[in-house]
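Survey of secondary and tertiary structure
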Amino acid sequence: MTAQGLADLPAVTPVLNCTEVTGLDLSDVTDAPVTISSAKIVTTGAAPYCEVRGTVTPANTVVIRLPVNAWTQRYVQTGCGGLCGSATINYGQASTCPVINDGTVASATTDMGHQGQNDGSWALNNPQAQIDFAYRGVHVTAQVAKAVITRFYGKRPAYSYFTGCSDGGREALMEAQRYPDDFDGIAAGAPANNMVVQNTFHHAWNVTTNKDDNGAYILLADQLPLIHRAVLDACDALDGLQDGILDDPRRCDFDPGTLVCATGQDPSTCLTKAQAAVVRRLHDGATDAKGRRLELPISHEWGSELEWTLFVPKAQGEKVASENFVTSFTRYLAYTNAPDPELQLSDLDFTARSFWRTVQSSSYLAALDPDLGAFAKSGGKLLLWHGWNDQHISPQGTLAYYDAVRRTMGAKTADRFAKLYMFPGVAHCGGGEGPNTFDVLTPVMAWAETATAPGRIIAGALTDGTVTRSRPVYPYPRVARYDGTGSIDDAANFRPYTPRTHADANAYDWLGKDLYSHGYQTSCKAVDGKLVCRPTRTWLTERE
């Protein structure tokens, strides 16, 4: 066992030259032809590697890196973000993993079936690309990469891993749910597992709830620091330290009404009633006219206000990112076999009927099935993680999924193969006010290879490459508590603490709570230019 808890695997050298990879016969690897277009030596980075590029029919670009001097028998596949379309190996929060840094792992990634723009237009009249983006592209990439590795080194990978964040986190959960034998360990960060709701009602609400009857924005970005300061004044000390970070924002009961201007008050120091109401609605999330929740309660956690520039503009007339997310998705992906390139954000109805129509139409894109029995039976290990200050994807979705897994599998069984880490102050896949550099891959590897269950993960805040603050993060629901001695910027001075109460499944009361269930998942085929998905679900009725 290594110092990091990994198996001490002997290094293996290739039995083929890099250029010989282009001649490999991979006809028996996937359900479609594979073409290797290039293989060349790359000397940049920690160690030289053979870079292989190929295509799985019809259009899944695959990129593989094969160390040419020493391979330690591990394979790591990385996910991609947004609506993908780019095949670039990005280790993300796994980049500090020692075996990644020393260049001894084989790696791969895919563009998930298309080379289009992030506006979703690639999906128009292209049902196979939609399937590949949903789930097939990652799976066939794993098949091809493992076959190439086996022939290049004369040996199969001893362990295979997947790591991804955002859509990469959704891809990770798709693998655990649909292809449980592909990977021994999976690190799924800020997963867009509830992609359909996220890219419709969630992001649309970010925009529409902040506009008045004339279409003008009510709240602008220059007011966000004021709101953030007020939140910290009200809640920062709840965890015992005034350090600019909320260790569990759900404990914060901030009232935006406290910022409403008093008579004669300088307007730069307060909010109008309309602005305070917007802050409350942005925090709480989308509802219909009857107050029924169209997304999980708490859309944006208290403490994340500085990140709200994703959807709160600097000036009138600005088109915010949230609007682009909605139009890209709803025009081409939300309504199966019914694209509408002219659809506008205002065309989305915040009603129960619209909600059920939407989530049923494109359910093949969601990764919500909590029954991971096959993954657990195969010996797989899952590390879920999310930043509390995530401005793109609500942490509540990951919390709800984790709780659903524990309910479905049983808490003791789930604990044997799944852990959740919530990183205070961390924004979407990194950044934010809290320590935001950490290694999520080594704990998964140690768990899979030596049965060393994950404990604390040290997160660091870097300034010019130097760690200026470090904090431990423990498996949920434990949090870090200062022990009262030494610097509050040193992880060594914190201990695990389990709160007496924390949110449970009863907290996730919203219109789509039944989506987190076994049986919601569908599979699709491309037939005569259309998507045909089975089984079709009628149990999700259009309830009014």
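Rules behind the numbers
- Residues numbered from 1 in each chain as written.
- Predicted model: local features only at pLDDT ≥ 70, side-chain atom pairs only at ≥ 80, totals over all residues.
- Heavy atoms only, no water.
- Helix = DSSP H or I, 4+ residues; strand = E, 2+ residues; numbered from the N terminus.
- Buried < 20%, exposed > 50% of the residue type's maximum accessible area, 1.4 Å probe, protein only.
- Contact = heavy atoms within 4.5 Å.
- Disulfide = S-S within 2.5 Å.
- Axes fitted to C-alpha atoms, helices over the stretch in contact; angles between N-to-C directions.
- Parallel < 35°, antiparallel > 145°, perpendicular 65-115°, else oblique.
- Left-handed = near helix turned anticlockwise from the far one by under 90°.
- Expected span 1.5 Å × (residues − 1).
- Bend = angle between axes of the 7 residues up to and from the residue.
- Salt bridge = Lys/Arg side-chain N within 4 Å of Asp/Glu carboxyl O.

1. A closer look at the overall build of the protein chain
From N to C terminus, the protein chain includes twelve helices and 15 strands. Its C-alpha atoms give the protein chain principal-axis dimensions of roughly 80 × 65 × 45 Å. Per-residue burial for the protein chain yields a buried fraction of 58% across its 544 residues. Once local pairs closer than 6 in sequence are excluded, the contacts in the protein chain between residues at least 24 apart make up 69%.

2. Structural notes on the state of the cysteines
Note: disulfide means a covalent bond formed between the sulfur atoms of two cysteine side chains. In total, this model carries six disulfides according to the counting rule given. Disulfide partner of Cys-18: Cys-50, at an S-S distance of 2.1 Å. As the torsion about the S-S bond is roughly 75 degrees, the Cys-18-Cys-50 disulfide counts as right-handed. Separated by 32 residues along the polypeptide, Cys-18 in the segment before β1 (34-42) and Cys-50 in strand β2 (residues 49-56) bring together distant segments of the chain.

3. Regarding the packing of helix α4 (residues 195-208) against helix α8 (residues 352-361)
The N-to-C vectors of α4 and α8 enclose an angle of 140 degrees; their axes lie 9 Å apart at closest approach. In terms of axis orientation, α4 runs oblique to α8. Considering how the two elements wind past one another, α4 and α8 form a crossing that is right-handed. Touching Val-196, Val-197, Thr-200 and Phe-201 of α4 are Ser-354, Phe-355, Thr-358 and Val-359, all from α8.

4. Focus: helix α7 (residues 321-332)
Taking 1.5 Å per residue as the helical rise, α7 with its twelve residues ought to reach 16 Å, and the 17 Å between its terminal C-alpha atoms agrees with that figure. Counting buried positions along α7 gives nine out of twelve residues, so the element sits mostly inside the fold. Where α7 is buried, its residues contact α2 (127-153) and α4.

5. Considerations on α2
For an α-helix the count is 3.6 residues per turn, leaving residues at separations of three or four pointing the same way. End to end, α2 covers 36 Å across 27 residues, agreeing with the expected 39 Å (1.5 Å per residue, within 8%). Considering bend angle alone, the principal kink of α2 is centred on Phe-133 and spans about 70 degrees. Extensive coverage of α2 is indicated by the burial of 23 of its 27 residues. Positive backbone phi, at 70 degrees, marks Gly-154, one or two positions downstream of α2.

6. Digging into the pattern of salt bridges
Here the structure, examined in full by the defined rule, presents 16 salt bridges. Its salt-bridge partner being Arg-151, residue Asp-28 comes within 3.5 Å of it at the nearest N-O pair. With Asp-28 in the segment before β1 and Arg-151 in helix α2, this residue pair connects regions lying 123 residues apart in the sequence. By relative accessible area, Arg-151 is classed as partly exposed at 28%.

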